[in-house]
Amino acid sequence: MTDSTGARLRVAPSPTGDPHVGTAYMALFNLAYARKAGGKFALRIEDTDRARFREDSEQQIFESLRWLGLDWDEGPDVGGPYAPYRQSERLETYRPHVERLIAEGHAYYCWCSPQRLAELRDAQAKSKQADTGYDRLCLGMTRDERAKLPGFSDTPVVRMLIPDDAPLTFSDVIRGAVKAPRPDDQVILKADGFPTYHLAVVVDDHLMGITHVVRGEEWISSTPKHILLYRWLGWDVPAFAHMPLLRNQDKSKISKRKNPAARLLWFRERGYLPEALRNFLQLMGYPCEEGHEVTSFAEFVDGFEWSKVNTVGPVFDLKKLDWLNGAYIRALSDDELAARIEEHLRYAGTWGEAVPARHREILRQGAPIIKERLVTLDEALPKLGFLLADDDDFLAGWESDESMREARGGLRDDAVQVIDAAVDALAGLADWNADALHETLQAALVDGLALKPKFAFAPVRVAVTGSRVSPPLFESMAILGRDSCLRRLRALR
RNA sequence: GGCCCCGUCGUCUAGCGGCCUAGGACACGGCCCUCUCAAGGCUGAAACGGCGGUUCGAAUCCGCUCGGGGCUACCA
């Protein structure tokens, strides 16, 4: 955030161009605190790694975070008092600070080639020595002196000169006093002229008035470097909130390789509601009132406290998300649900921009009967398929569709009589609505044929829906209409 | 290997020395409701990693141990 209170969000484009769910997780807590404290929430693109830069990833970050409802007050696309908000556009900003650090003896040039560094690391790993890190070969040398030695590279980097008494403890708003490892002579300016994260984050946070740094706990070990930089530059150190890391089932840090849900876009593709995902993310590492896991963002903000955030990395359990998503779907109005389903089908590319009026109407009428049966939005189409299909296509399924044939095959021998009786009773039905259908079929099949409801209605369900499992039968038949129902019944007969 | 972070039901969590024969939620089992499937109601099983210590008393404090994770890049 910026100004006197608030927090800042730091986001870096991922190499795959796909925003990470961890980004949204940090953003959510960041936003909650910014709102609670009355501060600003800033989005900054940390694109200092040219090798991993992807052209399209920034747009995806904007789109997916907005989808989740995490709106930023300042950022590359909305501007703000501290623009630009892309680090790649701030290169000149960092340079003078690097020069100052060199002039004051806190940083030095290093001409060691990547190969030499790699060999050095290998040797250290093999010798199992306790003290690893750069060996300071270049420290105190001029370019010419260094050039005479092996492993020389033409374009130097700039490294921090970590003093022996570098402070290793700091206060974290989530964890309290934290001890961190002793840093090594970290590179702060790369050979290509780009700063590393460590330098850029400190300079930008200071210049942008960031008061709270919210990031994952993998950054704890880097924090002493950052604190050193703040001190050398004579700047106030911001508050740090190191969030727990989201985990895969095997407890490792959540990764796209092991977990499809590590991709933020995955949730949208699968038909999860953004408000359900937001609620789920909030529950990760954060308590709720007993029995009130379904909470609004406003409630979250209201009671937000850093000290309530857990230090244990939570395992991502999609079962709970499924339940939450269902709960949020059930809370939607029928029309809203229909609109959400249509929106999702368009996003998924299942439906084009021009949705036929008939489809839209069936969605609207079908919404209430599938509402409490949905876990995700992408289940809507399969559940409503028998209503959407026209009769010819539907009837062709008796030949081509494996699951329909199985449903038919599972019927009892008396199904023929049941369907005959149903057709007879329905043919003269005056009002074609769910209640009348229920009454009529109840009388004709349950009472008339002395069958258990379960067996009486199964053949009708299969005939009309093509499946042994469907939304409520009478409501479905009411939506389908008299002609289609009778045609389908006679066809199965 | 080194340094650092962490350790309550399968999972998310409550607990911050006695209110704990450890509470809630998801998932799971059973029952009820019921036109199938759901939803809903009731109910059941399920955890303080281990060992020492401090204390009248420990899930809560300390130490050790074991276990998990992170970092150890001219990546963030």
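Residues numbered from 1 in each chain as written. Chains lettered and ligands numbered in written order. Predicted model: local features only at pLDDT ≥ 70, side-chain atom pairs only at ≥ 80, totals over all residues. Heavy atoms only, no water.

## Description of the overall build of chain A
Along chain A, the regular secondary structure elements total 21 helices and 9 strands. For a compact globule of 493 residues, the expected C-alpha radius of gyration is about 23 Å, and chain A comes in at 31 Å, more than 25% above that figure. Overall, the C-alpha framework of chain A stretches about 100 × 45 × 40 Å when taken along its three principal axes. Relative to its full complement of 493 residues, chain A shows a buried share of 51%. Carbon together with sulfur atoms contributes 50% to the accessible area of chain A, which is approximately 22800 Å² in total. (Helix = DSSP H or I, 4+ residues; strand = E, 2+ residues; numbered from the N terminus. Rg over C-alpha atoms; globule rule 2.2 N^0.38 Å. Buried < 20%, exposed > 50% of the residue type's maximum accessible area, 1.4 Å probe, protein only. Areas by Shrake-Rupley, 256 points an atom, 1.4 Å probe, with all protein chains shown as cover.)

## A word on the protein's contact with RNA strand B
Of all residues adjacent to RNA strand B, which total 66 residues, the nearest are K190, G285, E372, R373 and R461. Between a sugar or linking oxygen of RNA strand B and a main-chain N or O atom of G291, the distance comes to 2.8 Å. Side-chain polar atom of N310 to a phosphate oxygen of RNA strand B: 3.4 Å apart, as the coordinates give it. Every element with two or more residues in the surface near RNA strand B is listed here: α4 (114-127), β4 (152-160), β6 (176-179), α11 (318-330), α19 (453-465) and α20 (473-480). For the surface near RNA strand B, the element with the most residues is α11, which contributes 4 residues. Taken together, the residues of the surface near RNA strand B sort by class into 30 nonpolar, 10 polar and 26 charged. (Near = heavy atom within 4 Å. Polar contact = N/O pair within 3.5 Å; in protein donor to acceptor, adjacent residues only side chain to side chain. Nonpolar A, V, L, I, M, F, W, Y, C, P; charged D, E, K, R; others polar.)

## So, the domain arrangement of chain A
The domain architecture assigned to chain A consists of domain 1 (1-75 + 244-331), domain 2 (90-243), domain 3 (333-384) and domain 4 (391-492). Taken together, the contacts link 28 residues of domain 1 with 28 residues of domain 2. Between domain 1 and domain 2 lies a buried interface of about 2300 Å² when both sides are counted; carbon and sulfur atoms form 60% of it. At the junction of domain 1 with domain 2, the criterion picks out 3 salt bridges. Among the salt bridges present, the one from D205 reaches R44, with a minimum N-O distance of 3.0 Å. Counting across the interface, domain 1 meets domain 2 through 4 residue pairs in polar contact (both at pLDDT 80 or more). Elements that contribute at least two residues to the side of domain 1 that touches domain 2 include exactly β1 (6-11) and α1 (21-37). Here the side of domain 1 that touches domain 2 gets 5 residues from one element, more than from any other, and that element is α1. Grouping the constituent residues of the side of domain 1 that touches domain 2 by class yields 10 nonpolar, 9 polar and 9 charged. (Domains from an automatic or database assignment. Contact = heavy atoms within 4.5 Å. Buried area = accessible area lost by both parts, 1.4 Å probe. Salt bridge = Lys/Arg side-chain N within 4 Å of Asp/Glu carboxyl O.)

## With respect to the packing of aromatic side chains
Throughout the structure, instances matching the rule amount to 22 aromatic pairs. Seen in terms of ring centroids, F267 and F316 are 6.2 Å apart; in terms of plane orientation they differ by 65 degrees. Their pairing is edge-to-face. A residue pair is termed long-range when its members are at least 10 positions apart, and F267 in helix α8 (residues 264-270) and F316 in the loop between α10 (297-302) and α11 qualify at 49 residues. F316 matches F267 in its accessibility class, with the two residues each being buried. Plain terms: the ring middles of Y286 and F304 are 5.7 Å apart, the flat faces sit at 10 degrees to each other, and that makes the pair stacked. Taken as a pair, Y286 in the loop between α9 (274-283) and α10 and F304 in the loop between α10 and α11 lie far apart in primary sequence, 18 residues in all. Of the aromatic side chains, those joined through ring pairs into one cluster are Y25, F29, Y33, Y286, F297, F300, F304 and W306. (Phe/Tyr/Trp six-rings, centres within 6.5 Å; stacked < 30°, edge-to-face > 60°.)

## Details of the pairing of strand β5 (residues 169-172)
Side chains of β5 alternate between two faces, with F170 and D172 buried and T169 and S171 left unburied. Where β5 lies against β6, 4 bridges are found, and the strand directions are antiparallel. When the bridges of β6 are listed, T169 appears paired with K179. (Pairing = 2+ DSSP bridges.)

## Here we look at the pattern of salt bridges
In the structure shown here, the tally under the stated rule is 37 salt bridges. Of the charged contacts, one joins D49 and R52 as a salt bridge, the two residues approaching to 3.3 Å between their closest N and O atoms. Its relative accessible area of 32% is what places D49 among the partly exposed residues. For R52, a relative accessible area of 48% puts it in the partly exposed group. Put simply, E372 and R373 hold a salt bridge, and the shortest N to O gap is 4.0 Å. Given a relative accessible area of 58%, E372 falls into the exposed group.

## Examining helix α3 (residues 91-103)
Compared with the 18 Å implied by 1.5 Å per residue over 13 residues, the 19 Å span of α3 between its first and last C-alpha is a close match. For α3, every residue scored as buried is listed here: L91, Y94, H97, V98 and L101. Across the axial projection of α3, the buried residues extend over an arc of 130 degrees, all falling on one side. Projecting away from the buried face of α3 at angles above 90 degrees are the exposed residues E92, E99 and A103. In this structure, the buried residues of α3 make contact with β3 (107-112), β4, β7 (187-189), α6 (197-207) and α7 (223-232). One or two residues past the end of α3 sits G105, with phi positive at roughly 80 degrees. (Expected span 1.5 Å × (residues − 1). Arc of directions from axis to C-beta.)

## A look at α9
The element α9 is largely enclosed, with a buried count of 9 among its 10 residues. Turning to α9, its buried residues number three or more, namely P274, A276, L277, R278, N279, F280, L281, Q282 and L283. Looking at the buried positions of α9, the neighbouring elements they touch are α1, α2 (57-67), α8, α10, α11 and α12 (334-347). Directly after α9, the chain includes G285, whose backbone phi takes a positive value near 75 degrees.

## Considerations on the environment of F297
Assignment of secondary structure puts F297 in helix α10. Since its relative accessible area comes to 23%, F297 is described here as partly exposed. Separated by 22 residues in the primary sequence, F297 and E275 place their C-alpha atoms 8.5 Å from one another. Residue contacts for F297: discarding those within four places in its chain leaves L28, L31, A32, R35 and R278.

## Considering the sheet that holds β7
By way of backbone hydrogen bonds, the strands of a sheet pair with one another, either parallel or antiparallel. The strand order β3-β4-β7 describes an open sheet built from 3 strands, whose pairing is antiparallel. Unpaired on one side and paired on the other, β3 and β7 mark the two borders of the sheet. Averaged over all adjacent pairs, the angle separating strand axes in this sheet is 50 degrees, with direction ignored. Bridge count between β4 and β7: 2 bridges; the pairing is antiparallel. By the bridge assignment for β7, V158 is matched with L189. (Axes fitted to C-alpha atoms, helices over the stretch in contact; angles between N-to-C directions.)

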